[in-house]
Amino acid sequence: MFLTEEWILSINHPSLLVTARRTNQLLEKMGKTKGHISQSTIGLIDLRLDRNASVNTIEKTNRITVTGKCPKAVLRTAAHAILREMLGQLAIGVTKVNYAQSRRIFMLDMARKYYSKTTIIKFIDALSFAQFNFLQLHFSENEGFRIECETAPEIVSAEFLTKAEIKEIIQYAQVAGIEIIPDFDSPGHLKQILKDRPEWQLVKKTAEGTFEKNPTALDISNPEAVAFIVSIYQEFAELFTSSRYFHIGADEFVDFDEMEAYPEIQAYAKEVYGESAEGIDAFVGYVNHIIEKINQFGFIPQVWNDGFFRLNRAEVVKLSQAVEITYWTKWNKNMAPVETFIEKGYTVTNFNDNYFYYVLGENAGYTYPKYDKVLTNWTPKMWPQEQVVEVDPVQLPGVAIAVWNDIPDAQTQEEVLNNVSQIFFAVMQKQSNAVFATQTQIESFLTKLFADK
C-alpha cells in the first residue's frame, strides 16, 4: 500500500473520528504519511462502522476497507490490516478478523522493576498493533511500590511514576482502545508496605516451637492493619476511575498447606466463623471483604487462583461469586483445577505460566516464552500444567501474558519491551486462527515501531 502525501482516510460515522486519528497515529509511527480524514469522500483506507456486522472484516481492492461492529473493533481491525499490509501478507479480497476469546491481556510487573512512562507507552503501541485490549499494571510487590501514594508516601520506591504520569498513560491507552487494570496484591506480597510496620506482620510458629514474623504477609486478624490496606485500595480506585476491573491479588499469602502454623489467624477464624473454621477461612473472609470494598468502589475485582477451593481444604467460608479468577498455575497437587472454577460459575482468564510467564532471570525454574513455541504448540484451549479446556468465550473470555521481574537487572527495560512484544503477535495470530508472520518479520516491524522518530 503506497500512501502519498495527498490521500484520504475516510469514515462513515462521526463516532469513528478518534479511531481515524489513532489509525493515522499508527501509520505515522511506522513512517507512513497520515491521511486526511473525511466523512464525505471514500478514501484509500475506509473505516466503516456496521453494528449489524456478524464479523469484522478487511476488504482489499484498490483500497482497504475496514469494517467493525464498534469503534474499538474498527480500530483493532485497522491495526490488523496495517500490520499485514506492511508485512506483505494482506491478500486481495476479504479477510475476516475474529478472535477465539474477547480479552487479550498484558500484565506488567512494574513494582519489582521501574518502567518509565515512555516504555509503557511503547508497550501500548505494540499492544495496539497486536490487537490486545487490556494492560494490567502490577504496581505493588515485596520489593517495590511504584506509583505516587498520598495515603502512605513512605511506601513508595525511589523510582516511581507520578499520578500525573499514570493519568497520561490511561489517556493514551484509552485512545489506543486499551483498558488499564490496576493491580495491588494483598494480603501477601506486602514486604514493601509492612517493613516499617512489623506489628502488622503475620506471626508463624516454627517447627521448633518458636515464633517469627512473616515480613510479606498481613495479619488479617488485625482490624487496623486491614483498614490500612483498604485505604490504599480506595486511593487507587480514585486514580483508575475509567477501569472496569481491579486485580486484588490474593496469591501466595503463605504456604496454604501450612495454614496451621499461623496461630493468630487460626484463632481468629474460630472466633469469627465457628469452631469448625480454620486459617484458610480467615484468608477467604479477608479476600471477600476486599472484594466487597472493590465492588463498592465501582470495579469488578479479580484474584489469582492458587488459594481457593484447594483439594486438601474444606472451607467454611466460600469465595464470593462477585469476583473473576485469573488462573496462572496448578504446580501444587492441592490447587484446584480449572474445571472447579468453571463448575462453580466463575469467569476465568488464562494466565498460562507454562507458556506466558516472562520471568526475568528465568527464576523459579521458568524459561522465557518463545515465539515459535507459541505458534507451534499453544492453542486457546491449553491451560497451565497441560490442562485442556474447551474455549467458552463467555466464561473463559481471554488469555494473558505476564512479565515478572524476579531478578530486575537481568534485562533492561528495552530488552523486555522488545522480547515480550514479539510474544503479543504470536498470541494474536493463534487467537485469530491466522498464522502469517515469522519471528524475523515481527522483529523488523517492532524495530521500526520503537525507533525514535
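Residues numbered from 1 in each chain as written. Predicted model: local features only at pLDDT ≥ 70, side-chain atom pairs only at ≥ 80, totals over all residues. Heavy atoms only, no water.

Caption draft 1: Region of the structure containing the overall build of the chain. Assigned secondary structure in the chain consists of 13 helices and 21 strands. For 453 residues, the compact-globule estimate of 2.2 N^0.38 gives 22 Å, and the chain sits close to it at 23 Å. Counting only C-alpha atoms, the chain reaches 80 × 45 × 40 Å along its principal axes. Evaluated residue by residue, the chain yields a buried proportion of 59% over its 453 residues. (Helix = DSSP H or I, 4+ residues; strand = E, 2+ residues; numbered from the N terminus. Rg over C-alpha atoms; globule rule 2.2 N^0.38 Å. Buried < 20%, exposed > 50% of the residue type's maximum accessible area, 1.4 Å probe, protein only.)

Caption draft 2: Local environment of the sheet that holds strand E4 (residues 56-60). Pairing is mixed in the open sheet, where 6 strands are placed in the order E2-E1-E3-E5-E4-E6. Each edge of the open sheet carries a strand with a single partner, namely strand E2 (36-38) and strand E6 (93-97). Direction aside, the axes of adjacent strands within the sheet are offset by 15° on average. As defined by bridge partners, E4 adjoins E6 across 5 bridges and the pair is classed as antiparallel. (Pairing = 2+ DSSP bridges. Axes fitted to C-alpha atoms, helices over the stretch in contact; angles between N-to-C directions.)

Caption draft 3: Representation of the environment of Asn288 in the model. By the secondary structure assignment, Asn288 is in helix H8 (residues 279-296). Linking Asn288 and Ala322, residues 34 residues apart in sequence, is a C-alpha distance of 8.8 Å. Apart from residues no more than four positions distant in its own chain, Asn288 is found in contact with Val317, Lys318, Leu319 and Ser320. (Contact = heavy atoms within 4.5 Å.)

Caption draft 4: Local environment of the layout of surface pockets. Taken as a whole, the largest pocket spans an internal volume of roughly 380 Å³. For the largest pocket, the lining is made up of 18 residues, of which Arg76, Tyr99, Ser102, Arg104 and Asn133 are closest to its centre. Listing elements by their share of the lining of the largest pocket, those giving two or more residues are helix H2 (71-86) and strand E7 (103-109). Here the lining of the largest pocket takes 3 residues from H2, the largest share from any one element. Residues belonging to the lining of the largest pocket are distributed by class as follows: 5 nonpolar, 6 polar and 7 charged. If you add up the space inside the second largest pocket, you get close to 330 Å³. Along its surface, the second largest pocket is lined by 17 residues, and Arg112, His189, Glu252, Trp328 and Asp406 are the ones closest to its centre. (1 Å grid on protein atoms, 1.4 Å probe; cavity = no way out; pocket = protein on both sides within 12 Å on 5 of 7 lines; lining within 4 Å. Points joined across faces, edges and corners; volume = space filled by probe spheres on them. Nonpolar A, V, L, I, M, F, W, Y, C, P; charged D, E, K, R; others polar.)

Caption draft 5: Quick look at the environment of Glu150. The residue Glu150 is located in the loop between strand E10 (144-145) and helix H4 (163-175) in this model. For the pair formed by Glu150 and Met428, sequence separation is 278 residues and the distance between their alpha carbons is 38 Å. Once residues within four sequence positions are removed from consideration, Glu150 is found in contact with Lys163 and Glu235.

Caption draft 6: Representation of the pattern of salt bridges. What the rule picks out here adds up to 22 salt bridges. Of the charged contacts in the structure, one is a salt bridge between Arg112 and Glu141, with a shortest N-O distance of 3.4 Å. In this pair, Arg112 is assigned in the loop between E7 and helix H3 (117-129) and Glu141 in strand E9 (residues 140-141), connecting sequence segments 29 residues apart. What makes Arg112 buried here is its relative accessible area of 13%. Among the salt bridges present, the one from Glu179 reaches Arg244, with a minimum N-O distance of 2.4 Å. With Glu179 in strand E11 (residues 179-186) and Arg244 in the loop between helix H6 (223-239) and strand E14 (245-249), the pair connects residues that are 65 residues apart, well separated along the chain. Classification of Arg244 as partly exposed rests on a relative accessible area of 41%. Among the charged side chains, a network of salt bridges with common partners joins Asp109, Arg112, Glu141, Glu143 and Asp406. (Salt bridge = Lys/Arg side-chain N within 4 Å of Asp/Glu carboxyl O.)

Caption draft 7: Up close: empty space enclosed by the protein. Inspection of the entire model under this criterion finds 2 cavities of 30 Å³ or more. Estimated volume of the largest cavity: approximately 70 Å³. Surrounding the largest cavity, Arg22, Leu26, Lys72, Leu75, Arg76, Ala79, Ser128, Gln131, Phe132, Ala176, Gly177 and Ile178 form its lining. Tallying contributions element by element places H2 first for the lining of the largest cavity, with 4 residues.

Caption draft 8: Representation of the packing of helix H12 (residues 413-431) against helix H13 (residues 439-450) within the structure. At their nearest, the axes of H12 and H13 sit 10 Å apart, and the two run at 125° to each other. Between H12 and H13, the angle falls in the class oblique. H13 is crossed by H12, and the crossing has right-handed handedness. Of the residues in H13, those touching H12 at Leu417, Asn418, Ser421, Gln422 and Phe425 are Gln439, Ile442, Glu443, Phe445, Leu446 and Phe450. Across the contact of H12 with H13, the residue classes tally to 6 nonpolar, 4 polar and 1 charged. (Parallel < 35°, antiparallel > 145°, perpendicular 65-115°, else oblique. Left-handed = near helix turned anticlockwise from the far one by under 90°.)

Caption draft 9: Representation of the packing of aromatic side chains in the model. Applying the stated criterion to the full structure yields 34 aromatic pairs. Judged by centre distance (4.9 Å) and plane angle (40°), the ring pair of Phe106 and Phe123 falls under tilted. Pair noted here: Phe106 is in strand E7 and Phe123 is in helix H3, with a separation of 17 residues, a long-range link. Owing to a relative accessible area of 0%, Phe106 belongs among the buried residues under this scheme. A relative accessible area of 0% places Phe123 in the buried class. (Phe/Tyr/Trp six-rings, centres within 6.5 Å; stacked < 30°, edge-to-face > 60°.)

Caption draft 10: Focus on unusual backbone geometry. The step from Ser186 to Pro187 runs through a cis peptide bond, and the omega angle for that step is 10°. Within the secondary structure, Pro187 is located in the loop between E11 and helix H5 (191-194). One non-glycine residue, Gln131, adopts positive backbone phi at about 60°.

Caption draft 11: Examining H12 more closely. For H12, spanning 19 residues, the distance from its first C-alpha to its last is 27 Å, which sits close to the expected 27 Å at 1.5 Å a residue. Buried residues dominate H12, accounting for 15 of its 19 residues. Following H12 by one or two positions, Asn433 adopts a phi angle in the positive range, close to 55°. (Expected span 1.5 Å × (residues − 1).)

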